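Per-entry structural report
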Amino acid sequence: MIRFENVGLRYGMGPEVLRDLTFEIRPQSFQFLTGPSGAGKTSLMRLLFLSLKPTRGLIRAFGKDTSALNKSQIPALRRRIGIVFQDFRLLDHLTTYENVALPLRVIGQEESQYRSDVVELLKWVGLGERMHVLPPVLSGGEKQRAAIARALITRPEMLLADEPTGNVDPPLARRLLRLFIELNRLGTSVVIATHDLALMDQVDARRMELGEGRLQIHD
Amino acid sequence: MTDDDRTQRAGRGPRPAAGRPAAPRRAKAAPKARKRGAAGELRPSAPIVPPQAVAGRALTLVVAIMSFLACLTIGAVTVIHEAASAWSNDLLREVTIQIRPAEGVDMLREIEKATAAARAQAGVGTVRALSDQETRNLLQPWLGAGLDLESLPVPRLIQVQVAAPAAFDLGALRLAVSAEVRGASVDDHSLWTSRLAAMANAVVLGGIAVLLLVLGSMVLSVVFATRAAMAGNRDVVEVLHFVGAEDSFVAREFQRHFLLLGLQGGLAGGVAACLVFLVLGFLADERSGLQGLARSMDMFGGVSVGVGGYLGVLAIIFLVTVLTAATSRLAVRAHLRRIE
């Protein structure tokens, strides 16, 4: 699905923050991306999301060499990837419903086409009662779920979640994790960046550990 | 903990039967969701770029002022342009015969002879010698009242109205008058009108330059405002990119606001300019009682802005709207090219 070959990344003239990364995210796989703070998890997530270009090496996303892509081809690839940010990135002037529906509006769907899908998904993540509310009124957990729903509404082939449990208490973190596992069971590849060991211990999944710019994979 | 309770439901939620994300588009699921009525309570989707984040009122005012100035310029240019072409046409509509007094010449007889010669020409309408009283009135500002025309060598004027400019031959009139009347000359005002017309054309060119400058500064204001709006909505732009929006979509979302803003500003400025035209037209009317203004505007054939002026205002409103939208679109796209 996404394949890295000897990928390296540096910012400007600084040292390489990521070095010789070679791995593949397979279809319908589930993996944790872990490592200490500053190890480059977020940079790796951005590479996976095509919002950064590697300084060397090759990234193939959905069968395409990303270095050969021009800017106008990237949106189409991004629509196949859902991303959940640590800080949610919800738009404060849109309701929960409108935030979740945003990716569908972007691809030009009419509201009558997507209304029932969005309502149903919001109910699925437990926000059925909160869909008319603006994000500033939502609790951290609710925002997190709204962000996850927004990432899922287009039914992406791959979900990237950056510290999805960083802002929530352990019981909620466990429930969110169950949500991701369920999603994976339904066919989506999931990559969760976290440094929460307790969370990872709950699932027997592939672990990709970043340390000093290099990646170790424990299958 | 209400949040937790809700999450509890959510945690249990992701069972395939409870409505998995892959399912909702199936024919069965869609009507069910609609029946629940939840969708019916939704507000109409809010604009993706919040309207208040675009430097709204101040920019609308700037656009309105710029459109107002542009429309005034258009109005003035059309008035002057029409006057200039009218002056050029009047060249053939009126000719003056001037008879200078000479020793031993009976002025009244000469006037009669000149009048008769003029009347004999083809295309000539009315021929009228200025009466003694009219000549006195003309000279009064310089020589005072109670002037005795007989005792002074005052040239006399005969006004010749041309009824059919096509049939009229100025050369023939000149020849006839100078042959029969001593000291007579024919003035067709061409020097005077050609100078006026040249000046008026220069003013028209100046007006067009002013128009371009006004529109140019409006475009620049829109560029700055668009940049400010983009900077103020960086999070919106980022999120749109993350959910797979193309640049053209982002540009469209911003352009929508600016189109409306340009239309509002353009309309406000255009309507204000039309009101000014109407008020000026009324004030310059002889019946308004403001004789001074009316007379001072006579040279331009009155200040009433014609159909051309009002069409110009419409064109300006359209141009301002299109320019605002197109400028913001280009500015957004340029900005997006820079940030990636």
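In the block above lies the structure referred to throughout.
Now for a quick tour of the structure. (Residues numbered from 1 in each chain as written. Chains lettered and ligands numbered in written order. Predicted model: local features only at pLDDT ≥ 70, side-chain atom pairs only at ≥ 80, totals over all residues.)

Re the sheet that holds strand β9 (residues 206-211) of chain A
All names here are of chain A. The strand order across the open sheet formed by 6 strands is β6-β7-β8-β3-β9-β10, and the pairing between neighbours is mixed. The outermost strands of the open sheet, each flanked by one partner alone, are β6 (81-84) and β10 (214-218). Across the sheet, the mean angle from the axis of one strand to that of its neighbour is 15°, orientation sign disregarded. Sheet topology note: the strand β7 (residues 158-162)/strand β8 (residues 189-193) ladder contains 5 bridges and is parallel. Its bridge partner lying in β8, D162 is registered against A193. Contacting β3 (30-34), β7, β8 and β9, helix α1 (residues 41-48) runs over the sheet at an angle of about 155° to β7. Contacting β6 and β7, helix α5 (residues 140-152) crosses the sheet at an angle of about 170° to β6. (Pairing = 2+ DSSP bridges. Helix = DSSP H or I, 4+ residues; strand = E, 2+ residues; numbered from the N terminus. Axes fitted to C-alpha atoms, helices over the stretch in contact; angles between N-to-C directions. Contact = placed C-beta atoms within 7 Å.)

Here we look at the nonpolar core
Within soluble globular proteins, side chains that are nonpolar generally end up buried alongside one another. In terms of nonpolar packing, the biggest core is built from 119 residues, with V100, V118, L121, L122, A149 and L160 of chain A together with L240 of chain B touching the most fellow members. Sort the elements by how many residues they give to this core and helix α3 (residues 56-90) of chain B lands first, with 17 residues. Sequence-distant contacts of L160 of chain A, defined by excluding residues within four places in its chain, comprise M45, L48, F49, I81, I83 and V191 of chain A. One finds I97, I158, V177 and V186 of chain B within the second-largest nonpolar core, a separate group that totals 15 residues. (Core = buried A, V, L, I, M, F, W, Y, C linked by C-beta atoms within 7 Å. Buried ≥ 20, exposed ≤ 12 C-beta atoms within 10 Å, placed from the backbone.)

Description of helix α4 (residues 107-119) of chain B
Residues and elements named next belong to chain B. An ideal rise of 1.5 Å per residue puts 18 Å on 13 residues; α4 measures up with 18 Å between its terminal C-alpha atoms. Restricting attention to buried positions, one finds in α4 the residues E110, A114, A117 and A118. End-on view of α4: buried residues confined to an arc of 95°, all on one side of the axis. With respect to the buried face of α4, the exposed residues turned more than 90 degrees away are L108, R109 and R119. Residues of α4 that are buried in the fold lie against β1 (94-99), β2 (124-129), β3 (156-162), α6 (170-180) and β4 (184-187). (Expected span 1.5 Å × (residues − 1). Arc of directions from axis to C-beta.)

A short note on the packing of helix α7 (residues 190-232) of chain B against helix α11 (residues 307-339) of chain B
All names here are of chain B. Here α7 crosses α11 at 45°, and the two axes come no closer than 9 Å. The angle between the axes of α7 and α11 places the two elements in the oblique class. Crossing of α7 over α11 shows right-handed handedness. Where α7 abuts α11, its residues L215, M218, V219, V222, V223, T226, R227 and M230 lie against V320, L323, T324, T327, S328, A331, V332 and H335. Looking at the contact of α7 with α11, its residues break down into 10 nonpolar, 5 polar and 1 charged. (Parallel < 35°, antiparallel > 145°, perpendicular 65-115°, else oblique. Left-handed = near helix turned anticlockwise from the far one by under 90°. Nonpolar A, V, L, I, M, F, W, Y, C, P; charged D, E, K, R; others polar.)

So, the sheet that holds β2 of chain B
Residues and elements named next belong to chain B. Across the sheet, which stays open at both edges, the 4 strands sit in the order β2-β3-β1-β4 with antiparallel pairing between neighbours. Two strands close off the open sheet at either side, each with one partner strand: β2 and β4. Averaged over all pairs of adjacent strands, the angle between their axes in this sheet comes to 20°, without regard to strand direction. When β1 meets β3, the two strands line up antiparallel, connected through 6 bridges. Considered in β3, the bridge of E94 is made with Q161.

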